[in-house]
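# Chains, contacts and geometry: an overview
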Amino acid sequence: MTLSGRHLISINDFSNEEIAAVLELAEEMNIALTKRKRLLLCEGRELYTIFYEPSTRTRSSFETAMHRLGGTVVSHAEAQVTSSVAKGETIADTVRVLEKYADIIVMRHPLDGSTRLASDYSSVPIISGGDGAHEHPTQTLLDLYTIRKETGEIKGKNVALCGDLRHGRTVHSLAMALARFGAEITCIAPPGFELPDHVRDTLKGYKCKLTEYKSLEDMSSEGSLVLHQPRSKKDHQEGFMDFLLQSLDVLYFTRLQRERFAVRDATNIDQESYRINKQLLAKSRSDAVIMHPLPRINELAYEVDQDKRAAYFRQAGYGVPVRMALIALLLGTVEPKIEEQAKRPTVRIIEGPSGIACPNERCVTNKEKYVSSKFCKVSGNPKVLKCYYCDWMVKTG
Ligand code: NCD
């Protein structure tokens, strides 16, 4: 069993066993880093990072990871203005050239599905560093690593996802992974900023216990929108918010992704309703874990930083050992410890069904004109198709 040569575009590209193998190797990498041991597992290999969007953590932790593994790095930031894309070059052509230079490529791009498209044209592994509002699978690997490290295990934990759950890609990959590992999910998002349909649909498929609220205050009101978990009368009593906070093992905050929606869409949002400060912390469990993919804007008060429950800088630090593990596994310089591999589900792809375009205007199929739309069947629902690139759903017939 090997992960050598595989791409990582969606967290669902890896089985639970494969994810667990990455996290296990990441732990070994972390121990080696703490002991300042030299790990020359990728000597002679080249990592190419090409980022068409800003990044602090993802790009630099990938590059640090490759340096720590003894490999070399070519770093291409601001590719939207410094690469031939500015002259009109396509993603397909860019990748067909980069694969001649590099052994492995990390790409971040503003279009949903762009990194999937890139992987279709690459003979070397492509790792997505985030594609538009779609997914951010490597952030999820380090988020899972953090939850395991801070709490012991993922199964049975109640994880609250708070903020812009519609346009934030980290929470899409994370929610699906949490569901697959048996966690319960509590979503707190302003109306219009809830998890997108395709993510909810996937969570339903995993029979995830999912509860949704419109704001932190809404957790104590009658107006809550609750899915898959009917609330009892007792739940509506005064103090339910405090009671609920006590059931949350992890509070994962995210910023409003203002670069992905019109300013007017956010005018009614009371940001205090999606913010963690000292008061909320005081009501939370003494062993709660506060996480954030960063960067933070104002949803995470600086006064939280001093609390031992604030895990977000530790979380960002884990990006290096986790990405070291991933690079080594995809380059095949380390084999994963997987005893029995579950069969990967086969996805039936329908190429370009006549006349159907992906309804997501940010989808790569609506921007790169040489790409024809491709859809996958949704199990149990013959009238619905999912875009192969961005997962948005289309009703047919
Ligand atoms: C996230 C991203 O780029 O999606 N950042 C990160 O990689 N840690 C989150 C964000 O930008 O809000």
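A short tour of the structure in this document, coming up. Residue numbering note: each chain is counted from 1, following its sequence as written. Given that this is a predicted model, residues contribute local features only at a pLDDT of at least 70 and side-chain atom pairs are listed and counted only at 80 or more, while totals for whole chains, interfaces and linings are drawn from all residues. Only hydrogens and water are set aside; all other atoms, that is, all heavy atoms of the structure, feed into the side-chain values.

Glancing now at the packing of helix α6 (residues 137-151) against helix α12 (residues 319-331). For helices, the fitted line uses only the C-alpha atoms of the stretch in contact; every axis is such a line through C-alpha atoms, and the angle between N-to-C directions lies from 0 to 180 degrees. Only runs of H or I of at least four residues qualify as helices and only runs of E of at least two qualify as strands under DSSP, and these elements are numbered from the N terminus. Viewed as axis vectors pointing N to C, α6 and α12 meet at an angle of 120 degrees, and their least axial separation amounts to 9 Å. One way to sum up the angle between α6 and α12 is to call them oblique. Judged by the sense of rotation from one axis to the other, the crossing of α6 with α12 is right-handed. Across the interface between the two elements, T138, Q139, L141, L142 and Y145 from α6 touch G319, V322, R323 and L326 from α12. For classification purposes, angles smaller than 35 degrees are called roughly parallel, those larger than 145 roughly antiparallel, those between 65 and 115 roughly perpendicular, and all remaining angles oblique. Handedness of a crossing is defined here by the sense of rotation of the near helix relative to the far one, left-handed for an anticlockwise turn of less than a right angle and right-handed for a clockwise turn. By definition in these notes, contact holds between two residues if any of their heavy atoms fall within 4.5 Å.

Turning our eyes to something else, we now look at unusual backbone geometry. At the junction of L294 and P295, the peptide bond is cis and its omega measures out at 10 degrees in the coordinates. With respect to the helices, strands and loops of the structure, P295 is situated in the loop between β9 (289-291) and α11 (312-317). Of note in this structure, E78 is not a glycine but carries a positive phi near 50 degrees. Assignment of secondary structure puts E78 in the loop between β2 (72-76) and α3 (79-82). Of note in this structure, D391 is not a glycine but carries a positive phi near 75 degrees. Turning to its location among the elements, D391 is positioned in the loop between β12 (381-387) and β13 (393-395).

Next up on the list: the site of the ligand. Think of it this way: one heavy atom of a residue within 4 Å of a molecule or strand is enough to make that residue near it. Neighbouring the ligand are R57, T58, R108, H136, Q139, R169, T170, R255, Q257, P293, L294 and P295. By the criterion applied in these results, polar contacts are pairs of N or O atoms within 3.5 Å in which, for protein atoms, one can donate a hydrogen and the other can accept it, and in which residues neighboring in sequence qualify only through two side-chain atoms. Contacts to the ligand include R255, whose side-chain N or O atom sits 2.7 Å from an oxygen atom. For the ligand, an oxygen atom lies 2.9 Å from a polar atom in the side chain of Q257. Out of a free accessible area of 320 Å², the ligand has 93% covered by protein chains. Put simply, the parts of the chain that give the shell around the ligand at least two residues each are α2 (57-68) and α7 (169-180). Nonpolar residues are Ala, Val, Leu, Ile, Met, Phe, Trp, Tyr, Cys and Pro. Charged residues are Asp, Glu, Lys and Arg, and all others, Gly as well, are polar. Tallied by class, residues from the shell around the ligand come to 3 nonpolar, 5 polar and 4 charged. Using a 1.4 Å probe, accessible areas were evaluated by the Shrake-Rupley method; residue-level cover was limited to the displayed protein chains.

Attention shifts here to the packing of aromatic side chains. The rule is short: rings of Phe, Tyr and Trp, with Trp giving its six-membered ring, pair when the centres are within 6.5 Å, and they are stacked under 30 degrees, edge-to-face over 60, tilted in between. Counted according to the given criterion, the structure contains 5 aromatic pairs. Taking the centre distance of 6.5 Å and the plane angle of 70 degrees together, the rings of Y121 and Y370 count as edge-to-face. Separated by 249 residues along the polypeptide, Y121 in the loop between α5 (114-120) and β4 (126-131) and Y370 in the loop between β10 (349-351) and β11 (374-378) bring together distant segments of the chain. Summarising the aromatic geometry, the rings of Y388 and Y389 are spaced 4.8 Å apart at their centres and angled 80 degrees between planes, so their arrangement reads as edge-to-face. Note on accessibility: Y388 and Y389 belong to one class, buried. Here the term buried applies to any residue with accessible area under 20% of the maximum for its type, exposed to any over 50%, and partly exposed to those in between, with areas from a 1.4 Å probe on protein chains only.

Here we come to empty space enclosed by the protein. A cavity here means a set of 1 Å grid points, computed over protein atoms only, where a 1.4 Å probe fits but cannot escape. A pocket is an open set with protein on both sides within 12 Å along at least 5 of 7 lines, and lining residues have an atom within 4 Å of a point. Grid points are joined across faces, edges and corners, and a volume is the space filled by probe spheres set on the points. Counted under the stated rule, the structure contains 1 cavity of 30 Å³ or more. Each pocket or cavity is described by its volume, and for the largest cavity that value is around 40 Å³. If you go around the largest cavity, the residues you meet are R57, S61, Q139, L142, P293, Q315, A316, G319 and R323. At the level of secondary structure, the elements contributing two or more residues to the lining of the largest cavity comprise α2, α6, α11 and α12. Each residue belonging to the lining of the largest cavity can be placed in one class, and the counts come to 3 nonpolar, 4 polar and 2 charged.

With that settled, consider the sheet that holds β9. Only when DSSP finds a minimum of two bridges between them are two strands counted as paired. Strand order in the open sheet formed by 5 strands is β7-β6-β5-β8-β9, and the pairing between neighbours is parallel. What marks the edges here is a single partner per strand, and that holds for β7 (210-213) and β9. With direction set aside, neighbouring strand axes in the sheet form an average angle of 15 degrees. Here strand β5 (residues 158-162) runs beside strand β8 (residues 250-253); their pairing, made up of 4 bridges, is parallel. Directly across from A160, in β8, lies its bridge partner L251. In this fold α7 packs onto β5, β6 (184-188) and β8, with an angle of close to 165 degrees to the strand it touches most, β5.

Throughout this description, the term salt bridge denotes a Lys or Arg side-chain nitrogen within 4 Å of a carboxyl oxygen of Asp or Glu. Per the counting criterion, the structure on display carries 23 salt bridges. With its nearest N and O atoms 3.1 Å apart, the salt bridge here joins E27 to K149. With a gap of 122 residues between them, E27 in helix α1 (residues 16-34) and K149 in helix α6 connect regions that are remote in the sequence. Taken together, the salt bridges that share partners define one network made up of E53, R169 and R260.

With that out of the way, let us pick up α1. With 19 residues, α1 should reach 27 Å at 1.5 Å per residue; the first-to-last C-alpha distance of 27 Å fits that figure. Those residues of α1 not exposed but buried are E18, I19, A21, V22, L23, L25, A26, M29, N30 and A32. Where α1 is buried, its residues touch α6, α7 and α12. Within two residues after α1, R36 carries a phi angle of roughly 55 degrees, on the positive side. For a helix, the expected span equals 1.5 Å multiplied by the number of residues minus one.

Moving on: the pairing of β4. Most of β4 is tucked away, with 6 of its 6 residues classed as buried. Of the strand pairs in this sheet, strand β3 (residues 104-109) and β4 are connected by 4 bridges, and their pairing is parallel. Each residue of the ladder has a partner; that of M107, found in β4, is S128. This β-α-β element, β3 to α5 to β4, shows right-handed connectivity. Note on handedness: a crossover is taken as right-handed if, strands pointing away from the viewer, the path from the first strand over the helix to the second is clockwise.

Take the environment of P125 next. Position of P125 relative to the elements: it lies in the loop between α5 and β4. Judged by relative accessible area, P125 falls into the buried class, the value being 6%. Sequence separation of P125 and G5 is 120 residues, and the distance between their C-alpha atoms is 5.4 Å.

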